[in-house]
Amino acid sequence: MHFFEQTDWLGYLIGHGNNMVDESIARGTYYRTGYIENGTSVLLYTYGFVGYFFYLVSVFVFSFLFWMKEKFFYAAMLFYIFIVAQQFTHEFYSTTIYILLSVFILIFNSYPRIEKKAHLLSPVE
């Protein structure tokens, strides 16, 4: 994670806005490439901790909405693809991540809305 060593506090907070690293940093990485291999590192470097926080909240909320519709498989797959798998890949550089996001949105919209229940300890139940 040599690319984080050349960042100031503003870079940590809001990121760089670009995920391509400097040549001097790229030479110090394992693969000697100009891009970051880890999805979480890409998000932190590009959007900072603020952007990464919003990303995490979005994934958790979307996964929770699937959970509320009792679509546990989709909730788990969304969480896996957008959180766990990003530790081992850099799919943010390809169209794959956006296609997967579109598929999850289509699946989510194909199921009926979440029904609202009465209060937790309603006397009716």
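The structure under discussion appears in the preceding block.
Residues numbered from 1 in each chain as written. Predicted model: local features only at pLDDT ≥ 70, side-chain atom pairs only at ≥ 80, totals over all residues. Heavy atoms only, no water.

## Some details on the overall build of the chain
Then comes step 1: Looking only at helices and strands, the chain features five helices and zero strands.
Then comes step 2: Per-residue burial for the chain yields a buried fraction of 34% across its 125 residues.
Then comes step 3: Within the structure as shown, the chain displays about 8900 Å² of accessible surface, and the carbon and sulfur contribution to it stands at 66%. (Helix = DSSP H or I, 4+ residues; strand = E, 2+ residues; numbered from the N terminus. Buried < 20%, exposed > 50% of the residue type's maximum accessible area, 1.4 Å probe, protein only. Areas by Shrake-Rupley, 256 points an atom, 1.4 Å probe, with all protein chains shown as cover.)

## Some points on helix α5 (residues 96-110)
Then comes step 1: With 15 residues, α5 should reach 21 Å at 1.5 Å per residue; the first-to-last C-alpha distance of 21 Å fits that figure.
Then comes step 2: Those residues of α5 that fall on the buried side of the exposure criterion are I97, F104, I107 and F108. Relative to the axis of α5, the buried residues are bounded by an arc of 100 degrees and lie together on one face. Across α5 from its buried face, at more than 90 degrees, point the exposed residues I99, L106, N109 and S110. (Expected span 1.5 Å × (residues − 1). Arc of directions from axis to C-beta.)

## Details of the packing of aromatic side chains
Then comes step 1: For the structure on display, the rule yields 12 aromatic pairs.
Then comes step 2: With 5.9 Å between their ring centres and 65 degrees between their planes, F53 and F54 make a pair best called edge-to-face.
Then comes step 3: Assessed through its relative accessible area of 52%, F53 is described here as exposed.
Then comes step 4: Ring centres of F62 and F108 lie 5.5 Å apart, and the angle between their planes is 65 degrees; on these two criteria the pair is classed as edge-to-face. Linking F62 in helix α3 (residues 39-68) with F108 in helix α5, this pair joins segments that are 46 residues apart in sequence. (Phe/Tyr/Trp six-rings, centres within 6.5 Å; stacked < 30°, edge-to-face > 60°.)

## Focus on the packing of α3 against helix α4 (residues 72-84)
Two quantities define a packed helix pair, namely the angle between the axes and the distance from one axis to the other.
Then comes step 1: Across the interface, α3 lies against α4 with an axial gap of 7 Å and an inter-helix angle of 165 degrees. In terms of orientation, α3 and α4 fall into the roughly antiparallel class. Where α3 crosses over α4, the handedness of that crossing is right-handed. The segment α3 lies against α4, with Y55, L56, V59, F60, F62, S63, F66 and W67 engaging F72, Y74, A75, L78, F79, F82 and I83. (Axes fitted to C-alpha atoms, helices over the stretch in contact; angles between N-to-C directions. Parallel < 35°, antiparallel > 145°, perpendicular 65-115°, else oblique. Left-handed = near helix turned anticlockwise from the far one by under 90°. Contact = heavy atoms within 4.5 Å.)

## Re a nonpolar patch on the surface
Then comes step 1: On the surface, a nonpolar cluster with roughly 870 Å² of combined accessible area is contributed by W9, L10, L13, I14, V50, F53, F54, V57 and V61.
Then comes step 2: When contributions to the nonpolar patch are tallied by element, the ones reaching two or more residues are α1 (9-14) and α3.
Then comes step 3: A total of five residues in the nonpolar patch trace back to one element, the largest contributor, which is α3.
Then comes step 4: Here L10 shows up in helix α1.
Then comes step 5: On the basis of relative accessibility, which here comes to 39%, the residue L10 falls in the partly exposed class. (Patch = residues over 30% accessible without salt bridge, like charges linked within 9 Å, V, L, I, M, F, W, Y side chains within 5 Å. Salt bridge = Lys/Arg side-chain N within 4 Å of Asp/Glu carboxyl O.)

## Remarks on unusual backbone geometry
Then comes step 1: The phi dihedral of E70 falls on the positive side, at around 60 degrees, and the residue is not glycine.
Then comes step 2: The topology assignment puts E70 in the loop between α3 and α4.
Then comes step 3: Classification of E70 by relative accessible area gives exposed; the value is 59%.

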